[in-house]
Amino acid sequence: LSMSTLAVDLGDFAEAIRLAERALATGYDRPQGLYGLGAAQQAAGQHVAAETTFRDSLALRESDLTRHGLAPALLGPARFSEAEAVAREALQISIDRYGTLHPEVVARRHTLGELLREKGDFPPADAELTAAPEAQAQLTAPESADVSTALTTPPLIRLTHAAPARPRPPLDGPVPPPSAC
């Protein structure tokens, strides 16, 4: 799946999907492989396919990471309330598992903030988007007791959510060629 992640980062979404499907066909951990495929589909703008794939992964194994991927997939079909609920579930699962100062929680807060911003719910969005960098700063501060965890944020999520300069592909339409990205 790391090659699929790299292909997403390079904007070659069709290749990312092909590589994720290949990993699944070779017996890769099915829930994790489905997560990787869903993330590649999401990056390609195939929101309906990504939603289905993320839900298939969740049916096999509950995962805050997969919920984190599912929430933005719901934005494609403009299902803001459901996307918000899934993002809040992912955040709460991460807080319960890791506490409030952990990179996974920071990533979930950022995603929730972005979803709320897309929904037009600006005060709560600002609160989440402000909380995320404040927590990140505490994690990376020299006096932090657990600085090593700041490097554990899964790369696929980081790549699909940290590249705002890349144009958003059309909803479930054709994948643009890599040169168009």
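Residues numbered from 1 in each chain as written. Predicted model: local features only at pLDDT ≥ 70, side-chain atom pairs only at ≥ 80, totals over all residues. Heavy atoms only, no water.

### Brief notes about the overall build of the protein
Looking only at helices and strands, the protein has nine helices and zero strands in total. Expressed as a percentage of the 181 residues in the protein, the buried residues total 47%. Just so you have it, the protein exposes about 8800 Å², and 57% of that area is on carbon and sulfur atoms. (Helix = DSSP H or I, 4+ residues; strand = E, 2+ residues; numbered from the N terminus. Buried < 20%, exposed > 50% of the residue type's maximum accessible area, 1.4 Å probe, protein only. Areas by Shrake-Rupley, 256 points an atom, 1.4 Å probe, with all protein chains shown as cover.)

### Digging into the packing of helix α4 (residues 47–60) against helix α5 (residues 64–73)
Two elements in contact, α4 and α5, have axes whose closest approach is 9 Å; the angle formed by their N-to-C orientations is 155°. If you check the angle between α4 and α5, you find them roughly antiparallel. In this structure, α4 crosses over α5, and the sense of that crossing is left-handed. Here H47, A50, E51, F54, R55, S57 and L58 of α4 come into contact with α5, specifically with T66, R67, G69, L70, P72 and A73. Split into classes, the residues belonging to the contact of α4 with α5 amount to six nonpolar, four polar and three charged. (Axes fitted to C-alpha atoms, helices over the stretch in contact; angles between N-to-C directions. Parallel < 35°, antiparallel > 145°, perpendicular 65-115°, else oblique. Left-handed = near helix turned anticlockwise from the far one by under 90°. Contact = heavy atoms within 4.5 Å. Nonpolar A, V, L, I, M, F, W, Y, C, P; charged D, E, K, R; others polar.)

### Considerations on the pattern of salt bridges
Overall, the coordinates contain 15 salt bridges when judged by the stated rule. For E82, the salt bridge goes to R55, with nearest N and O atoms at 2.4 Å. One end of the pair, E82, is in helix α6 (residues 80–98); the other, R55, is in helix α4, and 27 residues separate them in sequence. Exposure remark for E82: the relative accessible area of 30% places this residue in the partly exposed category. With its nearest N and O atoms 2.7 Å apart, the salt bridge here joins E82 to R79. Among the ionic contacts, a cluster of salt bridges with common partners joins E51, R55, R79 and E82. (Salt bridge = Lys/Arg side-chain N within 4 Å of Asp/Glu carboxyl O.)

### What to know about the environment of P133
With respect to the helices and strands, P133 occurs in helix α8 (residues 122–140). With 23 residues separating them along the chain, P133 and H110 place their C-alpha atoms 8.4 Å apart.

### Comments concerning the confidence of the model for the protein
On average, residues of the protein score 82 in pLDDT, and 78% of them reach the 70 mark or higher. In the model, residues 144–168 has pLDDT below 50 throughout and makes 44 contacts with residues more than four positions away in sequence or in other chains. (pLDDT = per-residue confidence, 0-100.)

### Concerning the side chain of T66
On the secondary structure map, T66 appears in helix α5. Taking the relative accessible area as the measure of exposure, T66 reaches 3% and is therefore buried. If we ignore the near neighbours within four places in the chain, the residues touching T66 are Y35, F54, S57 and L58.

### Considering α8
With 19 residues, α8 extends 27 Å between its outermost C-alpha atoms, agreeing within 8% with the 27 Å of an ideal straight helix rising 1.5 Å per residue. Taken as a whole, α8 has its buried residues at A125, E128, L129, A132, A135 and L139. Down the axis of α8, the buried set is contained in an arc of 130°. They therefore lie on one face. Buried positions along α8 lie against α6 and α7 (103–119). (Expected span 1.5 Å × (residues − 1). Arc of directions from axis to C-beta.)

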